[in-house]
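Descriptive structure summary
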Amino acid sequence: MRVLSFIQLLATAVTVTALVPRIPTPGVVANDLKSLVSTASSVSVDLPARWSDYNLPLPSVVVNVASENDVAIVIKYCTKQGIKFLAQNGGRGWGKTFNLGSNGVLINLAALNKVTFSANKTQATIGGGAIIGDVIPAANAAGALVVTGNCNCLGALGAMLGAGYGNLMGEVGFGVDNIISLRVVIASGEVITVSKTSYPDLFWAMRGAGPNFGVVISATVKSMPATAEDRTAWINNLYFAPEKLPQVAQAIQDLPLLPHQRIYLVLTNSGNNNEPVVLVTGYLRKGTEQTGRAAFAPIYALGPSSESSTIADYEEWNVSNDGFCTSGGQKPAYSTTINNMQAQKWPEIWNLYTAFQKKGPNSAVLIERYNLTKAQSVPDSSAALSGALRRQAFAQAIVIPWYDDVTLEAEALTFGQKVRDIWSFSTTPTDNPTYINFAHGDESLSAIYGSSLPRLQTLKKTWDPRGAFTQWFPIK
Ligand SMILES: Cc1cc2nc3c(=O)[nH]c(=O)nc-3n(C[C@H](O)[C@H](O)[C@H](O)COP(=O)(O)OP(=O)(O)OC[C@H]3O[C@@H](n4cnc5c(N)ncnc54)[C@H](O)[C@@H]3O)c2cc1C
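Residues numbered from 1 in each chain as written. Predicted model: local features only at pLDDT ≥ 70, side-chain atom pairs only at ≥ 80, totals over all residues. Heavy atoms only, no water.

**Structural notes on the site of the ligand**
Using the following cut-off: Being near a molecule or strand, for a residue, comes down to having at least one heavy atom within 4 Å of it. For this analysis, a polar contact is any N or O atom pair within 3.5 Å, provided that within protein one partner can donate a hydrogen and the other can accept it, and provided that sequence-adjacent residues contribute only side-chain to side-chain pairs. Accessible surface area values rest on a Shrake-Rupley calculation with a 1.4 Å probe, where residue burial reflects the displayed protein chains alone.
As a matter of local geometry, the ligand sits amid 32 residues, with R50, A87, N89, N150 and Y435 nearest to it. Here R92 contributes a backbone N or O atom positioned 3.1 Å from an oxygen atom of the ligand. One of the backbone N or O atoms of V216 is found 2.8 Å from a nitrogen atom in the ligand. Protein chains bury 98% of the 940 Å² of accessible surface belonging to the ligand in isolation.

Following this line, the structure appears as structure tokens:
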């Protein structure tokens, strides 16, 4: 946590207010908000931890809200005063589009983390501050499955509003495809419920571009009643010699993925003297040793140098990704959608990776491939997320330079861009379709929003005419 003292802030307030009376200083903003929000909330200068310190948002005031009314009050105050603000859920967003100026306010949603299930377990209501580590235990206790991302530290809705990739998506589609309704604080400070039948335009926009249109207090989403066996998955880890990367990549390209199956290729730190390794990790819901090995047979046939597998209960599915959740450090990640594994390019990617990984040992390269049949059964026009994610994406590709020494920045950016350049199937890599929640922040808006962009631009004028929501791949 970064801490500025209130005395410092108040001192600034007194000095600067005398000179420039119209711009409320952080001290003034903090005092004003303190007097406006509920007593259950708090106003502080302690910044909740974020995943990456690279280009992180630097607010001057943090409001730990306790109710939807608190959120509405902060938004009304900030829009009236012309102060930038940002809602924070899991704090894992890495896009470098944050800019809170000199007196920005962070709305910490963490206390709005309630997760409830309907009696018949077909609907879950997820608080805007819940992390996935809140959602999965609640779903497990209810005897249900609900689509989430694959790391427990993520804001459940932060991830879902952009699209929402996760283990269950081959069976139920993207997170956004499962949203039934949203309780949203909009730019005017009003709190409204949006759904297919209530403000349908905004409902469409929220599902793919949510942070540009409002702060979600809670989302009601579809869930699946599930037996204890339904809530298990067979998960494997296979390590390969780097020389086998082209064959491994080709096998991932050719693998016929079942709806309840997903596969990742990861270049990562082995944990043994920081040695880089090639890891393939798979998931098969309700899989057994027998069905699991059958589903991943072409990968096993390549002769991993070591391997392990386990049948994991629902609450353990994401545990192996906990290291990836670690907060702090510089992580200027890049990503793009790939339409092909380009198997022969992997020796080059390995060389780029190992050269940088010597300096940033936890750096990683990831390919995430999911079954898209269910996602493709929904028309592109049903939600604002870029249709390219449903149609053109073979997989998502991510490169994460991860280091502490800020003097490595230029090298890190070059490494990330070079790998993205290799993956891109567009002439200009920053125009290649890119998942908003994995994007770096240097992409064109059409790379992020695809053919939804013109309609989003029109709706932005209707729902946020003064540009209150400007922090997450802002629509202009
Ligand atoms: C370790 C790791 C693992 C990941 N795994 C996955 C994965 O499995 N699947 C996947 O799809 N993505 C994944 N991602 C990407 C993830 O979706 C994004 O990082 C996402 O932005 C995280 O949301 P957050 O709430 O944690 O972050 P934050 O930084 O808190 O939020 C990101 C943006 O969303 C906005 N936002 C958050 N909550 C709300 C809300 N309630 N209402 C309105 N706006 C809101 C914020 O204002 C901000 O602009 C992963 C990222 C990391 C770092």
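**Structural notes on the sheet that holds strand β5 (residues 115-117)**
So the rule is basically this: By the convention used here, strands pair only if DSSP detects at least 2 bridges between them. To qualify as a helix, a DSSP run of H or I must reach at least 4 residues; to qualify as a strand, a run of E must reach at least 2; elements of each kind are numbered from the N terminus. Only the stretch in contact is used when fitting a helix axis, every axis being a line fitted to C-alpha atoms; angles between N-to-C directions are given from 0 to 180 degrees. Note on definitions: a residue-residue contact is assigned when non-hydrogen atoms from the two residues lie within 4.5 Å.
Taken together, the five strands give an open sheet; going across it, the order is β5-β6-β10-β8-β9, and neighbouring strands pair in antiparallel fashion. Where the open sheet ends on each side, the last strands, each with one partner, are β5 and β9 (191-195). Recorded for the sheet is a direction-independent mean angle of 15° between the axes of neighbouring strands. Pairing of β5 with strand β6 (residues 123-127) involves three bridges; the strand directions are antiparallel. Along β6, the bridge assignment pairs F117 with A124. Across the sheet, helix α4 (residues 132-142) lies against β5 and β6, angled at about 25° from β5, the strand it touches most. Of the strands in this sheet, β8 (179-185), β9 and β10 (215-222) are in contact with helix α7 (residues 200-209), which crosses β8 at around 95°.

**Digging into the UniProt feature "domain: FAD-binding PCMH-type" (unreviewed entry) in the protein**
Condition: UniProt positions are given in the numbering used here, feature names are shortened, and annotations may be inferred rather than shown by experiment.
The sites that carry the UniProt feature "domain: FAD-binding PCMH-type" (unreviewed entry) are, in the present numbering, residues 55-226. When the span residues 55-226 is considered, its composition is 27% helix and 26% strand, and the gap between its end C-alpha atoms is 41 Å.

**Section: the domain arrangement of the protein**
Heads up, the condition is: For the domains described, the bounds stem from an automatic or database domain assignment. By buried area we mean how much accessible surface two parts lose on assembly, using a 1.4 Å probe and totalling the loss over both. In what follows, salt bridge is the name for a side-chain nitrogen of Lys or Arg lying within 4 Å of a carboxyl oxygen of Asp or Glu. In this classification, the charged set is Asp, Glu, Lys and Arg, the nonpolar set is Ala, Val, Leu, Ile, Met, Phe, Trp, Tyr, Cys and Pro, and all remaining amino acids, among them Gly, are polar.
Entries for the protein in the domain assignment read domain 1 (6-108), domain 2 (115-227) and domain 3 (232-450). For domain 2 versus domain 3, the separation of C-alpha centres amounts to 24 Å. For the domain 2 and domain 3 pair, buried surface summed over both sides reaches about 3000 Å², with 57% attributable to carbon and sulfur atoms. Of all residues in domain 2, Y165, N167 and E171 give up the largest surface area on contact with domain 3, accounting jointly for 23% of the area buried on that side. The interface formed by domain 2 and domain 3 includes two salt bridges. For D177, the salt bridge goes to R390, with nearest N and O atoms at 2.8 Å. The interface formed by domain 2 and domain 3 holds 21 residue pairs in polar contact (both at pLDDT 80 or more) in total. Broken down by secondary-structure element, the contributors of at least two residues to the side of domain 2 that touches domain 3 are α4, β7 (144-145), α5 (156-162), α6 (169-172) and α7. Looking at the side of domain 2 that touches domain 3 residue by residue, the class counts come to 20 nonpolar, 13 polar and three charged.

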